Amino acid sequence: MSFESVGKLIPVGGGDPIPLVRNVLKIGRRDSCDICLKFAKISGEHCELTYADGYWRITDLGSTNGTKVNGVRIQHKKLRPGDEITIADRRFTIEYIPEGPVGKLADDSAEEDIDIPLLEKAGLVHERRRNDPSGSQRFRRPRR
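In this report, we go over the structure that sits alongside the text. The model shown is predicted, which means the values in this text are computed figures rather than measured ones.

**Overview of the overall build of the protein chain**
Then, in step 1: A count of helices and strands for the protein chain gives two helices and 13 strands.
Then, in step 2: Of all 144 residues assigned to the protein chain, the portion counted as buried reaches 33%.
Then, in step 3: For the protein chain, contacts bridging at least 24 residues in sequence account for 35% of all contacts bridging at least 6.
Then, in step 4: Carbon together with sulfur atoms contributes 48% to the accessible area of the protein chain, which is approximately 9,100 Å² in total.

This is the structure:
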């Protein structure tokens with residue numbers, strides 16, 4: 001059975017392009033992932049690419065080292081052709097042709113990543129204490 005590619009991920013710095021052949025693609029270190037990236041900093045199930053309504057969207061799956069789009073850490077984001085995606089420390093650009101109106105990409109940008117705290121967007125790691133009924137939070141600086 002053959003699938004038609006709806007885009008591709010191009011590794012920054014060289015490497016073979018990864019065709020995007022399904023509407024939902026899980027990316028991670030596990031062999032069960034659709035796109036398996038065997039690198040230490042990539043989580044077992046790191047993020048997911050979803051193609052719907054003519055656009056690709058990326059969602060972080062609670063990874064340890066995060067997912068970024070154009071240098072900004074995200075939880076979920078609609079992707080524009082040419083966006084740079086960073087999965088842990090691996091960088092890719094996404095190439096595809098949107099099927100909807102180009103203006104729709106701009107219209108959705110205000111709704112993206114509303115649920116990410118400002119401190120986390122600034123590069124601080126946000127952690128919730130487990131088994132803490134008060135829901136208190138602590139913040140720490142990322143390792144360098």
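There's more to say after this.
**Concerning the environment of Lys-38**
Then, in step 1: Here Lys-38 is to be found in the loop between β4 (35-36) and β5 (47-52).
Then, in step 2: Taking the relative accessible area as the measure of exposure, Lys-38 reaches 52% and is therefore exposed.
Then, in step 3: It is 7.7 Å that separates the C-alpha atoms of Lys-38 and Gly-28, two residues lying ten residues apart in sequence.
Then, in step 4: Residue contacts for Lys-38: discarding those within four places in its chain leaves Arg-29 and Asp-31.
Then, in step 5: Of note is the side chain of Lys-38, whose polar atom sits 3.5 Å from the backbone oxygen of Arg-29.
Then, in step 6: At a separation of 2.8 Å, a polar atom in the side chain of Lys-38 contacts the side chain of Asp-31.

**Concerning the sheet that holds strand β7 (residues 67-69)**
Then, in step 1: With antiparallel pairing, six strands are arranged side by side in an open sheet as β2-β1-β11-β10-β7-β8. Of all strands in the sheet, those bounded by a partner on one side alone are β2 (18-19) and β8 (72-73).
Then, in step 2: In this sheet, strand β11 (residues 90-95) lies alongside strand β10 (residues 84-87) in antiparallel orientation, the contact comprising four bridges. Note that in β11 the partner of Thr-86 across the bridge is Arg-91.

**What about the sheet that holds strand β9 (residues 76-79)?**
Then, in step 1: Taken in spatial order, the five strands make up an open sheet running β4-β3-β5-β6-β9, and their pairing is mixed. Looking along the sheet, the strands with just one partner apiece sit at the ends: β4 and β9.
Then, in step 2: Where β5 lies against strand β6 (residues 55-60), six bridges are found, and the strand directions are antiparallel. Bridge assignment links Cys-47 to a residue of β6, and that residue is Asp-60.

**Observations concerning the nonpolar core**
Then, in step 1: Of all hydrophobic cores here, the largest spans 23 residues; its most connected members are Leu-9, Leu-49 and Trp-56.
Then, in step 2: At the level of secondary structure, the elements contributing two or more residues to this core comprise β3 (24-28), β5, β6, β10 and β11.

**Observations regarding the side chain of Ser-43**
Then, in step 1: Considering the arrangement of structural elements, one finds Ser-43 in the loop between β4 and β5.
Then, in step 2: Separated by 3.1 Å, the side chain of Ser-43 and the backbone nitrogen of Thr-64 make a polar contact.
Then, in step 3: Among all residues touching Ser-43, those that are not within four sequence positions of it are Gly-28, Arg-29, Ser-63 and Thr-64.

**Quick word on the pairing of β6**
Then, in step 1: Between the antiparallel neighbours β5 and β6 lie two residues, among them Asp-53 with a positive phi of about 55°.
Then, in step 2: Sheet topology places β6 next to β9; four bridges connect them, and they run antiparallel. If you follow Ile-58 over to β9, its bridge partner there is Lys-77.

About the criteria used
Residues numbered from 1 in each chain as written. Predicted model: local features only at pLDDT ≥ 70, side-chain atom pairs only at ≥ 80, totals over all residues. Heavy atoms only, no water. Helix = DSSP H or I, 4+ residues; strand = E, 2+ residues; numbered from the N terminus. Buried < 20%, exposed > 50% of the residue type's maximum accessible area, 1.4 Å probe, protein only. Contact = heavy atoms within 4.5 Å. Areas by Shrake-Rupley, 256 points an atom, 1.4 Å probe, with all protein chains shown as cover. Polar contact = N/O pair within 3.5 Å; in protein donor to acceptor, adjacent residues only side chain to side chain. Pairing = 2+ DSSP bridges. Core = buried A, V, L, I, M, F, W, Y, C linked by side-chain atoms within 4.5 Å.

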